[in-house]
Structures are given as C-alpha cells and as structure tokens.
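Below, each chain spelled out in residue letters.
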Amino acid sequence: MPQISRRNFIRTTASSAALTALASSALRPLHADPLGLPIGCQTWPVRAMIPTDFRGTLQELAAAGFQTIELCSPVGYADSGFAGLAKYSGTELRRILHEAGLTCISSHFSIAELKKDQEGRIAWAKDVGLTQMLVPSLDGPKNPTMDDVKRAADEYNRMGERAAAAGIVQGLHNEDFELTTVDGKRTYDLLFQLLDPKLVKFQFQVSTISEGYDAAEYFTKYPGRFISMHVQGWSAKTRKIVPVGQDTLDWPKIFAAAKTGGIKNYFVEMDLPLMKASVPYLRQLQVQ
C-alpha cells in the first residue's frame, strides 16, 4: 500500500464535515489543552497561500485557534511554496510572526540544505528564534542495507552535534527512508539504536498508523527520545485522514504516552478545513 507521508497524504483526504459535539457523562468537564501545550500547526498544508498572502495566512491560522506554528525552510522548500519567505531576514520573520500573535520555535529543513550549509541554516534558525530544526527524512535509498542506515545515522549524529553546540535541537521526522526495512527490521527502530539520544530527537508522524506505526507504542517504547509530533486524525474504517476527534484514534492514550516520549510540542497537519475542525476537540481534551 502506498505510504501516507507529509508530501502526499493531504491529497488523499476527504472534505471536512462539521465537527460533531463531543460530550460524555463518563468524562469530567474538560477545560485544558492536552498536556498544557499550545495548539500548533504545520504550515505545509497552507503552502499555496503563503506566496500570495503570508501575513493573511498567519492571521487566519491564529483566528482558527492555533497558537504556534512550524515553518518549512525557504531554502529547502523553495519549490513547495516557501521561497517567498527568503525575502525576509530571520529577525523580520520573527517580528511578523509575533505581530500575528503566533510563536514559532520549530521548522523543517531538507537534509540536502543542511549538508550544503548547516552553519548558515543554524544562523537563520537562531535569528527566527527557533530551538528545533527537523528534517523530514534522511533520504536514504528505498531498499537500504545496514551500511546505508549506519552511514546516514553517523552523518546525522555529526549534524546533531553541530546543532547542539549552537543551542539547537536537531530532530528527525519519519517519512520514506525511515519507513523502509532492513533484513526484516524497521529502519526507524534501527535509527533509535544508531542515533545519539543526546544529539538527535524524533518527531512522530501520527498518520503513519496507516503503515502500522503506532504513536503511543513508540512513545512508550522509546521514552524521552521525542521532541514533537505531527497530528492527524485517522479513520480505520475509511482509511482516510479526518479531523482530530472525529477519528478512531485514542487521543487521550496518545497524549498520555507522548508525555513519556518527551513531546514538547505538537503540530496539526492536514488540509486547512480539517485542521480548523480539529481545534475545538484539542481545546477541550484533557490528559491524565
């Protein structure tokens, strides 16, 4: 079955339905965001809006109830709608985000741009106010050998060391290469063994449940190894992305396990109508 990743899962989503009321006499009144964390969103789903009206896009996200966002680098994601952000200096970008009432401490970067000029990208990140730099994938081969995985991990450990020296947490998302297998073992699990926990943290893509990667299971299996997660609602019945709270995932369990995993922030990432429809549920979700 085709992988559902940040680059292609949006194309498979259904249109958003109105968010249904979520109340149960078995639950005590809910009044807090899960884990007390601000509700965040990734900017990848609104990439088509950014070139024409970046400030307006930020205002729309803030009005929808998002308090923090995760960017994509204007260098590594230039061909995906983020090139226009390069006209702003890092400090200007920080000011624009602040004026919109949003915080931003995390961004995605391509592994290629970090290989080319990690020092320069770290400097930009610090100007923006980032404390987390993520790559979507280490971009290894589709059918890797153990040596391929070891080489990729060694290189990323060195990147993590340079980032740590600058006060930045280097993180790894799970797409493509990370969802392959080597000799019957998941490459993703091998990377937990090979990447230095002091230098590299992980960001979990919840929609990889479609490939059998369970968020709560991984947060529990690798305590303290995660920094954030990308949140998608997933219907096991329709096998489609749906708003959080209208899906079949056990979100109290996921967020409770996220605390064990070390999650410091999370970013909803779906088509904009689905993201907006997820906010009311997240606002009232309380985790023990």
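This text gives an overview of the structure that appears in the document. (Residues numbered from 1 in each chain as written. Predicted model: local features only at pLDDT ≥ 70, side-chain atom pairs only at ≥ 80, totals over all residues. Heavy atoms only, no water.)

So, about the nonpolar core. If you look at the biggest cluster of nonpolar residues, it comprises 86 residues, and the most contacted ones within it are Phe204, Phe219, Phe226, Met229 and Trp251. Leave out the neighbours within four places in its chain, and Phe226 touches Tyr188, Phe192, Lys201, Phe202, Gln203, Phe204, Tyr218, Phe219, Gly261, Gly262 and Ile263. (Core = buried A, V, L, I, M, F, W, Y, C linked by side-chain atoms within 4.5 Å. Buried < 20%, exposed > 50% of the residue type's maximum accessible area, 1.4 Å probe, protein only. Contact = heavy atoms within 4.5 Å.)

Enumeration according to the criterion identifies 22 aromatic pairs in this entry. Centre to centre, the rings of Phe255 and Tyr266 are 5.1 Å apart; their planes meet at 75°, and the pair counts as edge-to-face. Here the residue Phe255 occupies a position in helix H7 (residues 251–261), and Tyr266 occupies one in strand E12 (residues 265–268), the gap between them amounting to eleven residues. Assigned by exposure class, Phe255 and Tyr266 land together as buried. The cationic tip of Arg47 hangs over the ring face of Trp44; the distance from NZ or CZ to the ring centre is 4.2 Å. (Phe/Tyr/Trp six-rings, centres within 6.5 Å; stacked < 30°, edge-to-face > 60°. Helix = DSSP H or I, 4+ residues; strand = E, 2+ residues; numbered from the N terminus. Lys NZ or Arg CZ within 6 Å of the ring centre and 35° of its normal.)

Moving on, we get to the pairing of strand E4 (residues 132–135). The alternating pattern of E4 places Gln132 and Leu134 on one face and Met133 and Val135 on the opposite face, and all of these are buried. Where strand E3 (residues 103–108) lies against E4, three bridges are found, and the strand directions are parallel. Looking across to E4, one finds that His108 is bridged to Leu134. Taken together, E3, helix H3 (residues 111–128) and E4 constitute a β-α-β crossover, and its handedness is right-handed. Sheet topology note: the E4/strand E5 (residues 169–172) ladder contains four bridges and is parallel. The residue bridging Met133 from the neighbouring strand is Gln170, located in E5. Each parallel crossover has a hand, and for E4 linked through helix H4 (residues 146–165) to E5 it is right-handed. (Pairing = 2+ DSSP bridges. Right-handed = clockwise from strand over helix to strand, strands pointing away.)

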